[in-house]
Amino acid sequence: MNMNSESVSSSMDHAMHMMSTTATSTMASMTSHVHDTASSTMTGMAGMASMAESATTAAADHGSMDMGGMHMYFTTNFKDYPVVFKGLAASNSGEAFGIFVLLFFVAIFARLLVFGRVYLEEVVWNTDSHSKIQGDGTGVVVAPALSSAQSCDGCGPKFSSEQESTHAVAQNKSISTVSSLFREFIKLILFVIPDIFSYGLMLAVMTYTLTYFFAVAVGSGVGNYLTNRLIENYRLSKPHGSCC
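Sequence positions are assigned chain by chain, starting from 1 and proceeding in written order. Two thresholds apply to this predicted model, a pLDDT of at least 70 for residue-level local features and 80 or more for giving and counting side-chain atom pairs, whereas whole-chain, interface and lining totals are computed over all residues. Note: side-chain values were computed over all heavy atoms of the structure, leaving out hydrogens and water.

The name an unreviewed UniProt entry gives the protein chain is Copper transport protein, with [Candida] subhashii as the organism. Its UniProt record gives the protein chain the following Subcellular location (unreviewed entry) comment, quoted word for word: "Membrane". UniProt positions are given in the numbering used here, feature names are shortened, and annotations may be inferred rather than shown by experiment. Turning to the protein chain, the UniProt record has this under Sequence similarities (unreviewed entry): "Belongs to the copper transporter (Ctr) (TC 1.A.56) family. SLC31A subfamily."

Structure representation (structure tokens):
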């Protein structure tokens, strides 16, 4: 009996030892798995944080680019940024300077077109009146009076200054309809084209690139100066309500 009891007790001790060993092994395995999972999760989160930081740094290095690559405030970054047209972009400083020169002279040309319209209206298409305006600035057309040497009994009827002025007005009204329509068409073109250039230059300024902004601003200033000087030299009336 004692031997049987010892055998059963030994078997139970062996079984308990095996169960304890198995449980310990299982717990160690589970602990290792949890640790590895936590390590993997932490590594993934660290990787995501690193990617977010890299994206932020790249965005900061990109200057003021936002909303699909659009400039949102003034910047010196011009590389590969389109100006008005998709193909008009600079990849280096030389090309950026070329666009600067282009915008500069387009701005001057847009201002000079205003002078061209005023010059056509007041000089080319109204030569007689303009010559009198230059004399006294009143705009009154005064026809020269006939001298006493030109008047004689057999020389035909005599005309007063008022009659000759009326005759000049009648001659001006005799201009053909086709010619009048052509003049009005030219005037319309000279009203439209400066506005087209002005709005195109405004779009160039809205790129928020300082290089192009100064090209338009300086060019417009120079163009206004030249236009005003020419208008003063030719004693023309200054235009009103010009765009931009």
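Visitor: Describe the packing of aromatic side chains, naming the residues involved and giving the relevant values.
Guide: Pairing of aromatic rings covers Phe, Tyr and Trp, the last through its six-membered ring, and needs centres within 6.5 Å; plane angles under 30 degrees mean stacked, over 60 mean edge-to-face, and all others mean tilted. Taken as a whole and assessed by the stated rule, the structure comprises 9 aromatic pairs. Charges are assigned to positions over rings by a cutoff of 6 Å between ring centre and Lys NZ or Arg CZ, combined with an angular limit of 35 degrees from the ring normal. For the cation-ring pair, Arg117 lies above Phe191, with the distance from its terminal atom to the ring centre recorded as 4.0 Å.

Visitor: An account of the side chain of Thr227 is requested, with residue identities and associated values reported.
Guide: Within the element layout of this structure, Thr227 appears in helix H6 (residues 210-233). Apart from the residues lying within four places of it in its own chain, the contact partners of Thr227 are Arg111, Leu112 and Phe115. Helix and strand definitions follow DSSP, with helices as H or I runs of at least four residues and strands as E runs of at least two, each counted in order from the N terminus. Here, two residues are considered to be in contact whenever any of their heavy atoms come within 4.5 Å of each other.

Visitor: Would you mind going over unusual backbone geometry in detail, with residue names and values included?
Guide: One non-glycine residue with positive phi stands out, namely Val84, at about 65 degrees. If you trace the backbone, Val84 turns up in the loop between strand E2 (70-71) and helix H2 (93-124). The backbone phi angle of Arg235 is positive, close to 55 degrees, even though this residue is not glycine. Relative to the helices and strands, Arg235 resides in the segment after H6.

Visitor: Requested: an account of the confidence of the model for the protein chain, with residues and values cited.
Guide: Confidence of the predictor in every single residue is expressed as pLDDT, which spans 0 to 100. Here the protein chain shows a mean pLDDT of 72. Residues at 70 or above account for 50%. When the elements of the protein chain are averaged for pLDDT, strand E1 (residues 65-66) gives the smallest value, 47, and H6 the largest, 95. For residues 58-67, every residue scores under 50 in pLDDT, and the model assigns this stretch 13 contacts once sequence neighbours within four places are set aside. Note that residues 129-153 has pLDDT below 50 and, in this model, 24 contacts with residues that lie over four places away or in other chains.

Visitor: Summarise H6; cite the residues concerned and give the values.
Guide: In a regular helix each residue adds 1.5 Å, so 24 residues correspond to 34 Å; H6 covers 34 Å between its end C-alpha atoms and thus fits that length. Accessible area is worked out with a 1.4 Å probe on protein chains only. A residue is then buried under 20% of its type maximum, exposed over 50%, and partly exposed in between. Taken together, the buried positions of H6 are Tyr212, Ala215, Val216, Gly219, Ser220, Gly223, Thr227 and Ile231. Lining the buried residues of H6 we find H2 and helix H5 (177-205). Note on H6: the residue one or two positions beyond its end, Arg235, has a positive phi of about 55 degrees. Each helix should span, by expectation, one fewer than its residue count multiplied by 1.5 Å.

Visitor: For H5, give the residues involved together with the corresponding values.
Guide: Over its 29 residues, H5 extends 43 Å from the first C-alpha to the last, a length consistent with the 42 Å expected when each residue adds 1.5 Å. If you check which residues of H5 are buried, you get Leu190, Pro194, Ser198, Leu201 and Ala204. In this structure, the buried side of H5 is in contact with H2 and H6.

Visitor: Lay out the pattern of salt bridges in plain terms, naming residues and giving numbers.
Guide: For salt bridges, the criterion is a side-chain nitrogen of Lys or Arg within 4 Å of an Asp or Glu carboxyl oxygen. Across all of its chains, the model carries 3 salt bridges by this definition. Between Glu121 and Arg117 there is a salt bridge, with the nearest N and O atoms lying 3.9 Å from each other. You can see Glu121 and its partner Arg117 sitting in helix H2, 4 residues apart, about one turn around the helix. Given the relative accessible area of 25%, Glu121 is considered partly exposed. Look at Arg117 and you get buried, because its relative accessible area is 10%. Close ionic contact of Lys187 with Glu184 constitutes a salt bridge, the shortest N to O distance being 3.6 Å. Placement of the pair is Lys187 and Glu184 together in helix H5, with a separation of 3 residues, close to one helical turn. Since its relative accessible area comes to 22%, Lys187 is described here as partly exposed.

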